[in-house]
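For reference, the chains in residue letters:
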Amino acid sequence: MAATNQPMIQLKNVSKIYDNGTVGLKDINLNIDKGEFVVVVGLSGAGKSTLLRSINRLQDVSEGDIIIDGKSITSAKGKDLREIRRDIGMIFQSFNLVKRSSVLRNVLTGRVGYYPTWKTTFNLFTKEDKQKAYEALQRVDLADKVYTRADQLSGGQQQRVAIARVLTQNPKIILADEPTASLDPQTSRRVMHDLKMLNEEYGMTVVANLHSVELAKEFGDRVIGVRAGQIVYDGKMSETSQAVFDDIYNGGNGKKGEEDA
């Protein structure tokens, strides 16, 4: 699955220290190739969300550089930053939908990066984009919910709307931050299958923070273990034993946390 020349995501000596002195990330060096499905595991507070939010610059890093498909997002500004971000889809634990808007309207927000602001303010999306949104909803089996308000859907359906929104955006990269944390096991697997579909059929590179080791094992091609803001393991899932997972979570002591962030 390696890229022909450069990684899709590169982190070079990346550190993040918060204003209160907390170390979020410490000297991270990481390459992720085009088309990989990478799962990031670790305890609550280990730095998993910080890692993901740094990749699309939802937060700035303190040191180092993050390169997306050959371009530095760390130093990008204005139009350049918007264009890089357009290639990065984000899926959140809390779904991040506009609850009072229709499913279709929520999915269409995936196209916002392709329009000037005034057009999206007045909902002036093209027929082609509305068709894209409808087709994306078909892919996640929600075509019958096009005009339903988002707050009338179940949690699993809302997360699948978020996946359809990402498909409509057509990014190169999907960052999924605990996408199944608030869902039951059966719904979680359905959501993960949809993410795998985007990865395998559309070639999108997926980086997902997961609390569930079982889901990580089932869906990930590669696993990255994070502890105290550092990468403590990076390997192929097929070569990763349960003992490795135990070590990522325990680090020689303690138990796997009940909550994860």
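This report concerns the structure included in the present document. (Residues numbered from 1 in each chain as written. Predicted model: local features only at pLDDT ≥ 70, side-chain atom pairs only at ≥ 80, totals over all residues. Heavy atoms only, no water.)

## Section: the pattern of salt bridges
Quick reminder of the rule: Any carboxyl oxygen of Asp or Glu within 4 Å of a side-chain nitrogen of Lys or Arg constitutes a salt bridge here. Numbering of helices and strands starts at the N terminus; helices are DSSP runs of H or I of at least 4 residues and strands are runs of E of at least 2. The cut-offs for exposure are 20% and 50% of the maximum accessible area for each residue type, with area from a 1.4 Å probe on protein chains only; residues under the lower value are buried, those over the upper are exposed, and the others partly exposed.
Overall, the coordinates contain 16 salt bridges when judged by the stated rule. With its nearest N and O atoms 3.6 Å apart, the salt bridge here joins K172 to D87. Of this pair, K172 sits in the loop between α6 (155-169) and β7 (173-177) while D87 sits in the loop between α2 (78-86) and β6 (88-91); the two residues are 85 residues apart in sequence, bridging distant segments of the chain. The class for K172 is partly exposed, based on a relative accessible area of 33%. Given a relative accessible area of 21%, D87 falls into the partly exposed group. Salt bridges linked by common partners bring D141, R160, R190 and D194 together as one network.

## What about the environment of R227?
Threshold: A contact between two residues is defined here by any heavy atoms of the two lying within 4.5 Å. Pairs of N or O atoms are called polar contacts if they sit within 3.5 Å, as long as, within protein, a hydrogen donor faces a hydrogen acceptor (for residues adjacent in sequence, only side-chain-to-side-chain pairs).
Structurally, R227 can be placed in strand β9 (residues 222-227). By relative accessible area, which is 28% here, R227 ends up partly exposed. Counting along the chain gives 186 residues from R227 to V41, while the straight-line C-alpha distance between them is 8.8 Å. For R227, the residues in contact, after removing those within four places along its chain, are A46, V232, D247, I248 and G251. A polar contact of 2.8 Å, which involves the side chain of R227, links it to the backbone oxygen of D247.

## With respect to the sheet that holds strand β10 (residues 230-236)
We count it as follows: Two strands form a pair only when DSSP identifies at least two bridges running between them. Here the axes come from fitting lines to C-alpha atoms, over the contacting stretch only for helices, and the angles between their N-to-C directions go from 0 to 180 degrees.
Reading across from one edge, β6-β7-β8-β3-β9-β10 is the order of the six strands in this open sheet, with mixed pairing throughout. Only two strands of the sheet have a single neighbouring strand rather than two, namely β6 and β10. Averaged over neighbouring strand pairs, the angle between their axes works out to 15° when direction is ignored. With respect to the sheet, helix α7 (residues 185-202) is in contact with β3 (37-41), β6, β7 and β8 (205-209), its orientation differing from that of β3 by roughly 140°.

## Looking at the sheet that holds strand β2 (residues 23-32)
Strand order in the open sheet formed by four strands is β2-β1-β4-β5, and the pairing between neighbours is antiparallel. Every interior strand has two partners, whereas the edge strands, β2 and β5 (71-72), have only one. Where strand β4 (residues 63-68) and β5 come together, two bridges link them in antiparallel fashion. Across the sheet, the residue bridging to I68 is K71, located in β5. Together, β1 (9-17), β2 and β4 form the strand contacts of helix α1 (residues 48-55), whose direction differs from that of β2 by roughly 60°.

## Describing the nonpolar core
Buried together is how nonpolar side chains tend to be arranged in soluble globular proteins. As a reminder of what qualifies: In this description, a nonpolar core means a group of buried Ala, Val, Leu, Ile, Met, Phe, Trp, Tyr and Cys residues linked to one another through side-chain atoms lying within 4.5 Å.
Membership of the largest hydrophobic core comes to 49 residues, with the highest contact counts inside it found for I174, L195 and L198. With six residues, the single largest contributor to this core is α6. Sequence-distant contacts of L198, defined by excluding residues within four places in its chain, comprise I163, V166, L167, I174, G203 and M204. Membership of the second largest hydrophobic core comes to 29 residues, among which are M8, V14, L175 and I224.

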